[in-house]
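Okay, here's what each chain looks like letter by letter:
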Amino acid sequence: MKAKMSVNRTQGIGTVDRRLYGSFIEHMGRAVYGGIYEPSHPSANQAGFRQDVIELVKELSVPLIRYPGGNFVSGFDWEDSIGSRNQRPKRLDLAWRSIETNQVGLHEFAKWCQEVGAEINMAVNLGTRGLDAARNLVEYCNYPSGTYWSEKRREHGQEEPFAIKTWCLGNEMDGPWQIGHKTAKEYGRLAEETAKAMKLVDDSIEVVLCGSSSSSMPTFGEWELTVLDQAYEQVDYLSLHQYYGNPTDDLKHYLARSLDMDQFISGVVAMCDAIKAKKHSKKQINLSFDEWNIWYHSAEHDLTVKPWQVAPPLLEDHYNFEDALLLGCLLITLLKHSDRVKIACLAQLVNVIAPIMTEENGSAWRQTIYYPFMQVATLGQGVALRPEITVDSYSTSDFEEVPYLESIAVMNDDKNELVVFAVNRGEENMELSLDFSDIQVTEVSDFSEMSGHDIKTVNQPDKEQIKPVKSTAYEQKDQQIHCLLKSLSWNVIRMSVVPKI
Ligand code: AHR
């Protein structure tokens, strides 16, 4: 199969916000206890956090981490997680029917985030709690000193404010499973007033309003329009959540799930702008896709997990090669919307539907999806450029035209580098010709690919067989690059360019 792609500076979508490569740690399963924190592990640092995990998170280059949930946050009393550890209560976590020991709390997590170089995206409990607890938490975290909660923080060893900038107004409040589930009207009012009070404490913060838990919720659309109509002027972002499964085990259909994400984002952008127009507002609401990933492998196992354990293994999906290909398509889709999607969180980060897995007292290892995420997070910086692509397509039950090539380019003018990320969804090799009208490419500095694996192959603790390898299947001719994108492959092509004048 042949494909053509032309990349042009005039096709700029937007500057990629670093927070597009965020992730998520929830107090659930083995994400915290037995994941990032295992005091008895040989690599544990003085605070009990696993250094091997810290290194993998750093390599992944995650700038922002949503915390502490998730469904968990809707029953969480943040005050349980501060102060002397031996006085912190053990609680029933009703969301996951587990026991929460609170041994890792706000201060410990903030310290860990500092180590991995990420900021916290803090969620407040709008399920069992509300405005009062939320505004106190902002005071505790962000107010310098001299008030009840800021002094408590200082007593607990943190003199300077944590200065948390991004806050989520609850979690999936449209979901009947959510503790304290609300109607759109109830939530819209609560979110509006909570945001107002939080911003009165610290007007530099940004807040995220809950959108739908997925585009297939029966209230999708109505929910967005109602909550935006109510809270528009108090909030900065609207959230989207979506997890992809593979119920039919049909590869073509599965790899087209990113078109579903594309439609979801476009629809939510349209709803934000409709409310903006209705209100004659000057303000633009951007999107926070603060939970996205693939989630289906662990579903059966999770039904067998006994309740009321501390850190039981939950949602431990083992990702295979086809999942890595889809994850690449999803990342490309987020970049295609980088004008409006400013924050996104791969849910989650360690052990729970995660790119990083750990063994108790053993190794920390990278799943197949780790690699496309790491490559895009480290190399996808600058301005996203929408390429013009000519390629064949196929149809599925949901989409008439699914292009065999999914791709995006990102121009990094600080590094004089153009990077193309590309997935060949087809089972045939693809000869791709890349041309650049107003960009002078000097050379291909690196071309890596993930290809040639059985789609069901997974990585294992001692066997990371799925990872990028170098490709030499390209040549440069008359301002064009001709390269081979192997059948079913994830590709990253880095090119040096002549600086923009
Ligand atoms: O990420 C796992 C769960 O998925 C989160 O707790 C919840 O917000 C979503 O339904």
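This structure is a prediction, so every number in the text was calculated from the model and none was measured.

## Let's talk about the overall build of the protein chain
Across its full length, the protein chain holds 11 helices and 26 strands. A globule of 501 residues ought to have a C-alpha radius of gyration of about 23 Å, and the protein chain, at 23 Å, matches this closely. Here the C-alpha coordinates of the protein chain stretch approximately 70 × 60 × 45 Å along the principal axes. Looking at the 501 residues of the protein chain, the share that counts as buried comes to 59%. Considering only residue pairs separated by 6 or more positions, the protein chain has 77% of its internal contacts joining residues 24 or more positions apart. Carbon and sulfur atoms make up 48% of the accessible area of the protein chain, which totals about 19400 Å². Measuring between centres, the 49 positive side-chain charges of the protein chain sit 4 Å from its 71 negative side-chain charges.

## Details of the UniProt feature "domain: Alpha-L-arabinofuranosidase C-terminal" (unreviewed entry) in the protein chain
If you check UniProt for "domain: Alpha-L-arabinofuranosidase C-terminal" (unreviewed entry), the listed places come out as residues 290-489 in our numbering. Within the segment residues 290-489, helix and strand shares are 15% and 37% respectively, and the terminal C-alpha atoms sit 27 Å apart.

## Remarks on the layout of surface pockets
Here the largest pocket is characterised by a volume of approximately 350 Å³. Ala110, Lys111, Gln114, Gln158 and Phe162 are, among the 16 residues lining the largest pocket, the residues nearest its centre. Here the lining of the largest pocket gets five residues from one element, more than from any other, and that element is helix H2 (residues 106-116). For the lining of the largest pocket, a count of residues per class yields eight nonpolar, five polar and three charged. Put simply, the second largest pocket is a space of about 230 Å³. Lining the second largest pocket are 17 residues, and of these Asn71, Glu172, Tyr243, Glu291 and Trp295 sit closest to its centre. Of the residues in the lining of the second largest pocket, the class split is nine nonpolar, five polar and three charged.

## Things to note about the nonpolar core
Ranked by internal contacts, the top residues of the largest apolar core, which has 167 residues, are Trp112, Trp167, Trp292, Phe421 and Leu434. With 11 residues, helix H10 (residues 321-336) is the largest single contributor of residues to this core. Composition of this core by domain shows at least three residues from each of domain 1 (2-10 + 384-497) and domain 2 (11-383).

## Some points on the site of the ligand
The full set close to the ligand counts 13 residues, and Glu26, Asn71, Glu172, Tyr243 and Glu291 are the nearest of them. Separating an oxygen atom of the ligand from a side-chain N or O atom of Glu26 is a distance of 2.6 Å. Within the side chain of Glu291, an N or O atom sits 2.7 Å from an oxygen atom of the ligand. Protein contact buries 95% of the 280 Å² of open area that the ligand shows by itself.

## What about the sheet that holds strand S19 (residues 405-412)?
One open sheet holds the seven strands; their spatial order is S2-S15-S19-S20-S26-S22-S23, and the pairing between them is antiparallel. Edge positions in the sheet fall to strand S2 (12-15) and strand S23 (469-470), since each of these pairs with one other strand and no more. Bridge count between strand S20 (residues 417-424) and strand S26 (residues 489-497): eight bridges; the pairing is antiparallel. When the bridges of S26 are listed, Val423 appears paired with Trp490. In the packing of helix H11 (residues 370-379) onto the sheet, the strands contacted are S20, strand S22 (441-450) and S26, and the crossing angle to S26 comes to about 20°.

Conventions used here
Sequence order sets the numbering: in each chain, residues are counted from 1 along the sequence as written. With the structure being a predicted model, the display of local features is reserved for residues of pLDDT at least 70 and the display and counting of side-chain atom pairs for 80 or more, all residues being used for whole-chain, interface and lining totals. The side-chain quantities take in all heavy atoms of the structure and omit both hydrogens and water. By the criteria applied, helices consist of DSSP H or I runs no shorter than four residues and strands consist of E runs no shorter than two, each listed in order from the N terminus. We compute the radius of gyration over the C-alpha atoms and compare it with the globule rule, which gives 2.2 Å times the number of residues raised to the power 0.38. Only protein chains enter the accessibility calculation, which uses a 1.4 Å probe; a residue whose area is less than 20% of its type maximum is buried, one above 50% is exposed, and one in between is partly exposed. Contacts between residues were defined by any pair of non-hydrogen atoms, one from each residue, lying within 4.5 Å. Each accessible area is a Shrake-Rupley result for a 1.4 Å probe, and residues are judged covered by the shown protein chains and nothing else. Counted charges follow a simple rule, with Lys and Arg positive, Asp and Glu negative, and His plus the chain ends left uncounted. Think of each charge as sitting on NZ of Lys, CZ of Arg, CG of Asp or CD of Glu. UniProt positions are given in the numbering used here, feature names are shortened, and annotations may be inferred rather than shown by experiment. Each cavity reported here is a set of points on a 1 Å grid over the protein atoms alone in which a 1.4 Å probe fits but cannot get out, each pocket an open set with protein on both sides within 12 Å along at least five of seven lines, and each lining residue one with an atom within 4 Å of a point. Grid points are joined across faces, edges and corners, and a volume is the space filled by probe spheres set on the points. By the convention adopted, Pro, Cys, Tyr, Trp, Phe, Met, Ile, Leu, Val and Ala count as nonpolar, Lys, Arg, Asp and Glu as charged, and the other residues, Gly among them, as polar. In this text, buried Ala, Val, Leu, Ile, Met, Phe, Trp, Tyr and Cys residues form a nonpolar core when linked through side-chain atoms within 4.5 Å. Each domain's extent was defined by an automatic or database domain assignment. When we say a residue is near a molecule or strand, we mean one of its heavy atoms is within 4 Å of it. The term polar contact refers here to a pair of N or O atoms within 3.5 Å; inside protein, the definition further demands a hydrogen-donor-capable atom paired with an acceptor-capable atom, and it admits residues adjacent in sequence only when both atoms are side-chain atoms. Should DSSP find at least two bridges between two strands, the strands are regarded as paired. Here the axes come from fitting lines to C-alpha atoms, over the contacting stretch only for helices, and the angles between their N-to-C directions go from 0 to 180 degrees.

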